[in-house]
Amino acid sequence: MAWYVDRAAQVFVFVGGISAIVFIAGIFVFITKEGLDFVLGPLSLGEFFTSIEWRPTSNNPTYGALALIVGTASVTGFAMLLSVPLSLGAALFIAEFATGKTRETLKILVEMLAAIPSVVWGFVGMSIMHPLIIRVFDVPLGLGVLNAGLILGLMAAPIMTTIAEDALKAVPDTYREAAEALGATRWEVIVKVVVPASRNGLLAAVLLGVGRGFGETMAVLMASGHAINLPTSVFDSVRALTATIAAELGDTVQGGNHWGSLFTLGILLFIVTFVINLTADIVVRGIRKK
Amino acid sequence: MDNGQRGDYAIETRGLNLWYGDFQALIDVDLEVKRGIITSMIGPSGCGKTTLLRTCNRIIERLGYVRTTGSVYVLGHDIFGDDVELVQVRKQVGMVFQRPNPLPISIRDNVLFGFRLHEARTRKVSAAEENDVLESSLRQVLLWDTVKDRLNRPATGLSLEEQQKLCIARLLPVKPEVLLMDEPCSALDPAGTEAVEEMIWQLRGDYTILIVTHNMAQARRASDECVFMLLGRIIEHGRTEELFLAPENPKTADYIEGRYG
Ligand SMILES: Nc1ncnc2c1ncn2[C@@H]1O[C@H](COP(=O)(O)OP(=O)(O)OP(=O)(O)O)[C@@H](O)[C@H]1O
Ligand SMILES: [Mg+2]
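Please read all numbers here as calculations on a predicted model, not as lab measurements. (Residues numbered from 1 in each chain as written. Chains lettered and ligands numbered in written order. Predicted model: local features only at pLDDT ≥ 70, side-chain atom pairs only at ≥ 80, totals over all residues. Heavy atoms only, no water.)

Draft legend 1. Quick peek at unusual backbone geometry. Residues and elements named next belong to chain B. The backbone phi angle of Leu75 is positive, close to 50 degrees, even though this residue is not glycine. In this fold, Leu75 is placed in the loop between strand E4 (66–74) and strand E5 (77–78). Even without being a glycine, Leu142 presents a positive backbone phi close to 60 degrees. With respect to the helices and strands, Leu142 occurs in the loop between helix H5 (127–140) and helix H6 (144–147). Relative accessible area serves as the criterion here: at 35%, Leu142 is assigned to the partly exposed category. (Helix = DSSP H or I, 4+ residues; strand = E, 2+ residues; numbered from the N terminus. Buried < 20%, exposed > 50% of the residue type's maximum accessible area, 1.4 Å probe, protein only.)

This is the structure in structure tokens:
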């Protein structure tokens, strides 16, 4: 009897583990299959990467994704500018300074922030940040790089904080003790011992944050203004790759060129996210080996 | 008792009590550690040796729930006094831990860690000077010949014996007067223990050493004076040979004859 239970549990865990891989591979195959005909057929890669004319529904359709790529990059970049220092600072505070109740409360708070659905963040962007940006900076429109970047930065901060805090906590206390006994102040311990020792984990945290920002759809769609545009200031509206797919896929003919072009964006997103996550993973593995 | 008299001792505690939360681990401890000699501290497990040692450089305060009363003087200065800088105390008092704890950086950076920390605060240090300091520190702990070809390799790759020597070496550039050692050989094999003990013995005279040990033979062989602790109190403190040959307190006799374990 016990033997069966043991065996069943084994199979169950194995299937669970395998299915994760199968799903990822399946998604990749599906996206590629839908997009590949278009990539190999009507698409000009030169146009895709250098033109900002994204007009898949025009009589004479063009598929320039440059503005979308720049849109995603600028929003993600701006978000990271905000959230990397914010998250690392928060992680340092939680891991190295806060004690007892403060610490527990902060950790719970950060986890709660991570659980806020992205549509709520998008709503915050539209209904709070939008008028606020107009009022504070005296600009005609508050939906753009600044708004989406702020929202995305706040969204990515909780995961980055959690992972960075784990990395800091993984630094053995004996290191801190050794440095303190040598006369290092608290800040010297952090700067000269803790941060270098958790470097890989912190980098992984940042990369996963970037990945999170990069793949975010709903909040960006709502807060970025969704206008095809090469931004010249943080107040300009932009359009993100993810938001484009979400907004347009419902109106396309399955198997048509527009459909194919959206899946091409999907392939691009998949590759970039995959590379970011893989790098993060390799970086994390780097720590464990040491 | 003016400061001049106090200066005769490297470490002096007066009526020192220490609590971990509600548990009192040190009770009315009066300890006088003379300068320039090796003082060993013995006593059964849990009697407060580590606690007393860690109070002498205030590293015990890392635990938030520790409370002390009484005073501790290091080289004549009250280390709990308002005018005392913790950094100065830590510079004067080096500590060697029970388990070797090199930092996860190169051998060179380990040895120079404290030196850079303190010297670089006030002046520019040349590479040549660093190399001199590095070599002389490693020579003092008899490690130079073993590691001179791999100074840039991680210190964590060394054997435990070498790591512990390194941990002693990194104290020396800071020029401490007192070295606190908490069972520095307990993680080592017999050969390593012997090597490290021999090395510590060589440091005698240059530093005041207060060393905790479970090894009675080591205490007897390697120290000038010996302190016996029991349940948070100092029971006896005297010249090592006297304490071992003719202990004044029957509890000391019981312990050194192995009746406490
Ligand atoms: N961090 C701590 N929190 C609470 N109690 C502690 C702590 N560290 C030590 N104690 C208690 O204080 C007493 C003295 O401990 P200490 O480590 O100083 O003993 P020791 O003489 O060094 O023992 P050993 O020979 O095993 O190293 C013990 O009863 C121990 O349980
Ligand atoms: Mg101990």
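Draft legend 2. Region of the structure containing the pattern of salt bridges. Evaluation of the coordinates by the stated rule reveals 28 salt bridges over all chains. Linking Glu180 of chain A and Arg62 of chain B is a salt bridge whose minimum nitrogen-to-oxygen distance equals 2.8 Å. Linking Glu180 of chain A in helix H7 (residues 173–181) with Arg62 of chain B in the loop between helix H2 (49–55) and E4, this pair reaches from one chain into another. Note that Arg123 of chain B and Glu119 of chain B form a salt bridge whose closest N and O atoms lie 2.9 Å from each other. For Glu119 of chain B, a relative accessible area of 19% puts it in the buried group. Through salt bridges with shared partners, a single ionic network connects Glu96, Asp173, Arg176, Glu177 and Glu180 of chain A together with Arg54 and Arg62 of chain B. (Salt bridge = Lys/Arg side-chain N within 4 Å of Asp/Glu carboxyl O.)

Draft legend 3. Structural context of helix H4 (residues 107–122) of chain B. Spanning 16 residues, H4 of chain B covers 24 Å between terminal C-alpha atoms, matching the ideal 22 Å at 1.5 Å per step. Residues Ile107, Arg108, Asn110, Val111, Leu112, Phe113, Gly114, Phe115, Leu117, His118 and Glu119 of chain B constitute the buried set of H4 of chain B. Looking at the buried side of H4 of chain B, the elements it contacts are H7 and helix H8 (186–197) of chain A together with helix H3 (86–92), H5, H6 and helix H7 (160–169) of chain B. (Expected span 1.5 Å × (residues − 1). Contact = heavy atoms within 4.5 Å.)

Draft legend 4. Region of the structure containing the site of ligand 1. Residues and elements named next belong to chain B. Surveying the vicinity of ligand 1 reveals 14 residues, the closest of which are Ser45, Lys49, Thr50, Thr51 and His214. Within the contact set of ligand 1, an oxygen atom lies 2.7 Å away from a side-chain nitrogen or oxygen of Lys49. If ligand 1 stood free it would expose 630 Å²; the protein chains cover 67% of that surface. Listing elements by their share of the shell around ligand 1, those giving two or more residues are strand E2 (23–34) and H2. By residue class, the composition of the shell around ligand 1 is 6 nonpolar, 6 polar and 2 charged. (Near = heavy atom within 4 Å. Polar contact = N/O pair within 3.5 Å; in protein donor to acceptor, adjacent residues only side chain to side chain. Areas by Shrake-Rupley, 256 points an atom, 1.4 Å probe, with all protein chains shown as cover. Nonpolar A, V, L, I, M, F, W, Y, C, P; charged D, E, K, R; others polar.)

Nothing here speaks to function; it is all geometry.
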